[in-house]
Structure formats: structure tokens, C-alpha cells
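Observations on chain architecture
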Amino acid sequence: MRVLYFAWLRERLNRDFDEVDPPESVTSVAQLMDWLAGRDEAFALATQKRELIRAAVDDTLVGHETAIAGARTVALFPPMTGG
Amino acid sequence: MVVRLQGDPFGPGAELDAFTEAVGGGGAVATFTGRVRSTPDDPLEAMTLEHYPALAQAQLEALRAEAIARFGLIDAWIIHRFGRLLPGEPIVQVMTASLHRQAAFDGAGFLMDTLKTNAPFWKKEHRPGRDSWVEARASDDAAVARWT
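Structure report, in brief.

Reading the values: the criteria
Residues numbered from 1 in each chain as written. Chains lettered and ligands numbered in written order. Predicted model: local features only at pLDDT ≥ 70, side-chain atom pairs only at ≥ 80, totals over all residues. Heavy atoms only, no water. Helix = DSSP H or I, 4+ residues; strand = E, 2+ residues; numbered from the N terminus. Rg over C-alpha atoms; globule rule 2.2 N^0.38 Å. Buried < 20%, exposed > 50% of the residue type's maximum accessible area, 1.4 Å probe, protein only. Contact = heavy atoms within 4.5 Å. Areas by Shrake-Rupley, 256 points an atom, 1.4 Å probe, with all protein chains shown as cover. Lys, Arg positive; Asp, Glu negative; His and termini not counted. Charge placed at Lys NZ, Arg CZ, Asp CG, Glu CD. Axes fitted to C-alpha atoms, helices over the stretch in contact; angles between N-to-C directions. Parallel < 35°, antiparallel > 145°, perpendicular 65-115°, else oblique. Left-handed = near helix turned anticlockwise from the far one by under 90°. Pairing = 2+ DSSP bridges. Salt bridge = Lys/Arg side-chain N within 4 Å of Asp/Glu carboxyl O. Polar contact = N/O pair within 3.5 Å; in protein donor to acceptor, adjacent residues only side chain to side chain.

Below, the discussion takes up the overall build of chain A. Assigned secondary structure in chain A consists of three helices and five strands. Counted from the first residue to the last, chain A has its helices and strands arranged as β-α-β-α-α-β-β-β. Radius of gyration (C-alpha) of chain A: 12 Å, near the 12 Å computed for a compact globule of 83 residues. Projected onto the principal axes, the alpha-carbon positions of chain A cover approximately 35 × 30 × 20 Å. Sorting the 83 residues of chain A into buried and exposed places 46% on the buried side. Restricting the contact set of chain A to residue pairs at least 6 apart, pairs at least 24 apart contribute 52%. Counting only carbon and sulfur atoms, one obtains 47% of the accessible surface of chain A, whose full area is about 4,200 Å². Positive and negative side-chain charges of chain A, numbering 9 and 13 respectively, have mean locations separated by a distance of 5 Å.

Take a look at the structure:
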């Protein structure tokens, strides 16, 4: 599974994406963030305020409770500021 | 052209002419153009718009379809830029056409309010010696809430 990062989250992690293979116990976006935080201190610090992180699974905007089973791409990013 | 993401600048007037020509006989056309703000108190050197291409295209197409259905629009087009932009350059333009004015106004307002918080673009402002990400504002969430 590829995890994409954008904007200040990308800058704070110093990379665009991670290629990861989380265990089966990781079933939701929220659990994926917990799992990523457990293996990477920079990720843990950057995502401390979970309410500031938005998510998309396979190019669809979703909430943190959304399942990630079978997903090819999970994107994590700050609140959007377009327009 | 329905939803277009592009790095290059666009001409707001030319885009409006193309839209007006394409929609034919509707009596009402509304246009909103958002530009890079730079004021004497707070001059900007440039702005960079980061985006997530696949999701941005999908989100804007979904919002366009929703606006057409909800307000009974004849059509709606959205142009949004990404990459490096200079002060005064257009960032975004939405154009809506309907039989009567209120639907065109409402459709354009709905599109702008919802795309600000629901389309994956992020603005970074470049000032002399300092770069900063634009923070999402509570007023943007309030603006989108008025359409729910």
C-alpha cells in the first residue's frame, strides 16, 4: 500500500510517500495513522493533532474511521486551502 | 471544457467568452474569478499551489455535477491552477449558466464555498525571507455549512 503525503505534512516528513505493508490488525485510516506513528517519530509528531489530518482512500475523500482493506493508496494531508 | 486543472495562467475574459458561447441561450451567466492577493500592507512575492491531481479532478467534477443538479444549471465550468503563481494572477474561475439569475449566483457561490474546503489544493505564500502555508479558516467551514 502506498501512503501519500501533501503540503506541510509532506514537508515535515521530508518525503512524498511511503510504501508500507501494515499487519491485518490495522483496518482503518485511524489505525493506519497509529501504526505509522508507532514506527516513525516524525510522523507521530506531525500528526499529533489528528483533527488536522484529512484522508483519501483510492482517490476518494474519507473519514478516519474508513476501512482500508484492499486499498492501493491512502493519502494523508492537512485541511485544504484552494480556491 | 468542464473542469480543467492547469499550471499556466488563463485569461478570465477569454474563458468567459468560451463558456457563454458554449451554453447558448441561457439568460443568466455568473462568473467568479479568484486571484492571488497582494496588498501594500502585506505584499506577496508569489504563491505556490500544491495539489493532488487525481482527487482534485474527481472532487471538482463531483461538485460541478452536484451544482448543476441542485440549482438546475444549464452548465458550469471550473478552472483551477496549480504550481507557482504571481500576485494578481487568476487562481480559480467558476462560471455558471441558468435561465434566471438566482440559480447562476447560487451555483457559483456553492461551487466556490465547497471547493475551498473539499478540493485538495494547498496554498503556500512566499514573502521576502519567509514561506508559509495558508491555514484553513473557520470562516471557510462556516461558508460551506450554509449550503447544507
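With that out of the way, let us pick up the packing of helix α3 (residues 101–118) of chain B against helix α4 (residues 138–145) of chain B. Residue and element names in this part refer to chain B. α4 packs onto α3 with a crossing angle of 130° between their chain directions and a minimal axis gap of 8 Å. In terms of orientation, α3 and α4 fall into the oblique class. Of the two possible hands of crossing, α3 and α4 adopt the one that is left-handed. Contacts from Asp113, Thr114, Lys116, Thr117 and Asn118 of α3 reach α4 at Asp140, Asp141, Ala143 and Val144.

With that out of the way, let us pick up the sheet that holds strand β5 (residues 83–85) of chain B. Sheet strands pair by backbone hydrogen bonding; their relative direction is either parallel or antiparallel. Residue and element names in this part refer to chain B. Ordered in space as β5-β3-β7-β8, the four strands form an open sheet in which the pairing is antiparallel. Edge strands, defined here as strands with exactly one partner in the open sheet, are β5 and β8 (130–133). This sheet shows a mean twist of 25° between the axes of neighbouring strands, independent of strand direction. One ladder, built from six bridges, connects strand β3 (residues 46–51) with strand β7 (residues 121–127); its direction is antiparallel. Its bridge partner lying in β7, glutamate 50 is registered against tryptophan 122.

Quick look at the interface of chain A and chain B now. Taken together, the 19 residues of chain A in the interface contact 24 residues of chain B. Remark: the boundary between chain A and chain B carries two salt bridges. Residue Arg10(A) pairs with Glu50(B) through a salt bridge whose shortest N-O separation is 2.5 Å. For the pair chain A and chain B, the number of links is 14 residue pairs in polar contact (both at pLDDT 80 or more).

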